[in-house]
Structures are given as C-alpha cells and as structure tokens.
Amino acid sequence: MTGNLYRGQAGLPFSSTLRVYEPLDAFPEDQREAIRAAGARTASRAAVENAELLASLGRITRAGGDPFPTGRTDLVRVTTAPGVPPPALPEDAPATGTSDGGAGAQSSAGADPVLLYCPSQLVLRAGLAANALMEGIHGPLAEMLIPEEQRDKHQERIDLVKARDGSIRVHTRASTWGIPFSWFSLFMEGDRKDVVESGGRILTVRIWAPITDAMERARYAVANLALAAPDLDMLDDLAQLTEWLELFHVNSMVELDYGAVADKVYPDESPMDIRLGIECLAEGDMTGAAAAYRRLASRWIPIRQLARAS
C-alpha cells in the first residue's frame, strides 16, 4: 500500500495526538516480548499511520455494525531514548529535521540505540472515546451512532484487557480540530522536532521532550496559573495532564504529533506563545499575556471553527 491514504488523511477531521513512549522494562514482563516484536515489525512511521487509518476506515464499513477494534492486533510505535543520536533516514522519513527512528535503527556511534515503545491500545481508547461521545450527545442520536448492543460487546473486550494486563496506563491522548493549549506547555522551541513533508505539503510535525522536562514545565505552568489565573480552564487541563504523565517511567519521552493540521499552521510558535503568556501572567504583565493569547487565538480558532463548518 502507498502512503497516499496517510498523506491525504482520507478527508477526515484534523486529528492530533500526544503520546508517551516508555522503555521496554516499564511494561509488565509478560507483555515485553509482544511489544518488542510488534515494534520490530514496524517498517516506518508512515506504515504505522497508514495501517491504523486503514483499519479505522475498515471498521466503519464492517458488516454487523460493530465499529470497535477487536484487539486481535495492536500497532506499536518506536522511537529512541533521549540523548541517543538519531539513526540514518529511511526512505519515507522526514524530509527535514531528524528521524524518529525504527526498530532496527542504529546510532551514529554504531551501537544499538535504547528503544522506547508506545502501544496503540485501541481497545481501551475506543472505549474511552465512546463514553465521551455518549456523554456529549442526546440518547436517541447516541443509540443510532453506537447501539447499546455494540457498546456492551466492546465493554467485554475492555474487561478482558484489564483482567489480563492489570493496572493500565493509556499512552495516547487524541484531539480533533486543533491542539489543546495545555499540550504546548510541555514543549519548548529547542526540543527535538521532525517536519515530515511530501509533494510540497507538510504531512505532520512531531516534537519530542524527555518526560522529566515535560513534567517540570507543566508543574511550572500549574504553579503560576494557580496564583495568577486560578479560574482559567487551562489550569484544570494542566493538572490532569501532570497527573497522567506521572504514571509513566522516568526515562520516557513525550511526543506531540500535529497530524494533518500541521500543513495549516506550521511554522508554529504556539509553545513559545504559551510559555511567554504564562511568564507574563506570573509577572503581572496583563498586556503581554493578552498579546500571547491573541497570537494563539488567531492561529487556532479558525481551525476549531472548521468542526462546525458545513
């Protein structure tokens, strides 16, 4: 299969993701070999994105009306640990920036890199997404979109996963029609970044930060917003984000994947605008904080308005 589906996003809404990649020893011992093997089968990031998107489109048209993933297979994304030189670029790697690595990559020093893994966990994430959908729309419409019979069937899959794996950390958060401002607080301008391009279009931008840096930045933002703007919705988002990051191994990496929206907003200075806005609030500079928000709003409100466009 070619990368056309991935590149075109099949006309789907813009979707962005925040992922945590952990070292293999952070996973339960009985899961490590399956995760390592799944990562080793990964030919490239483009192949993973293609496979995941193709599978989601297939579920929509599946006979029987069950839109949920079955969990028979689970894709795994792979990257390298902080401080490890990036491997050589594969053919469909980013045209600019650094490579995000692959299961068989090696560092420039010739040694095997320390690999970090992010399982897709589609069964769990589909259940969480369905619950959020059911809470946000009226009963008859919800029943039409996802019949109760299918929800109950998928709940059985979730129960099986939880019984098998015990305590579960969901490694991926997703957002459609824009990136939550709280996510940008985890990153800074100098963080490792890949710009993935093809045919004159930006397919995505990915930014990485060590999880220790991301948590330090989030805590800084929480502390300052709690004093300067305790009623700001972003404060609650940041508090939840910090609690989520605390679940993971200290040697993990955090990845912000813009997805197809990157072609509309990149070059993007949102991480800097968030940082400057919080610093201005902490210093009592309301003019500077308002200017930072205006820059963010001018960039992202038009994207969010697309969700209501006909």
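Before any of the text, the structure's been laid out above.
Residues numbered from 1 in each chain as written. Predicted model: local features only at pLDDT ≥ 70, side-chain atom pairs only at ≥ 80, totals over all residues. Heavy atoms only, no water.

Caption draft 1: Highlighting the pairing of strand E6 (residues 193-198). In terms of strand pairing, E6 meets strand E7 (residues 201-210) through 6 bridges, oriented antiparallel. Bridged to Glu197 within E7 is Ile202. The loop that links E6 with its antiparallel partner E7 comprises 2 residues; one of these, Gly199, has a positive phi angle of about 60°. (Pairing = 2+ DSSP bridges. Helix = DSSP H or I, 4+ residues; strand = E, 2+ residues; numbered from the N terminus.)

Caption draft 2: Local environment of the environment of Val170. Mapped onto the elements of the fold, Val170 is located in the loop between helix H6 (148-165) and strand E5 (172-176). Take Val170: its relative accessible area is 19%, and that puts it in the buried class. For the pair Val170 and Gln121, spaced 49 residues apart in sequence, the C-alpha separation works out to 7.1 Å. (Buried < 20%, exposed > 50% of the residue type's maximum accessible area, 1.4 Å probe, protein only.)

Caption draft 3: Main features of the pattern of salt bridges. Applying the stated criterion to the full structure yields 17 salt bridges. When the shortest N-O distance is used, the salt bridge between Arg36 and Glu33 registers 2.6 Å. Taken together, the residues span about one helical turn, with Arg36 and Glu33 both in helix H2 (residues 29-40) at a distance of 3 residues. We classify Arg36 as partly exposed; its relative accessible area is 36%. For Glu33, a relative accessible area of 47% translates into the label partly exposed. In this structure, the salt-bridge partner of Glu49 is Arg77, at a minimum N-O distance of 3.0 Å. (Salt bridge = Lys/Arg side-chain N within 4 Å of Asp/Glu carboxyl O.)

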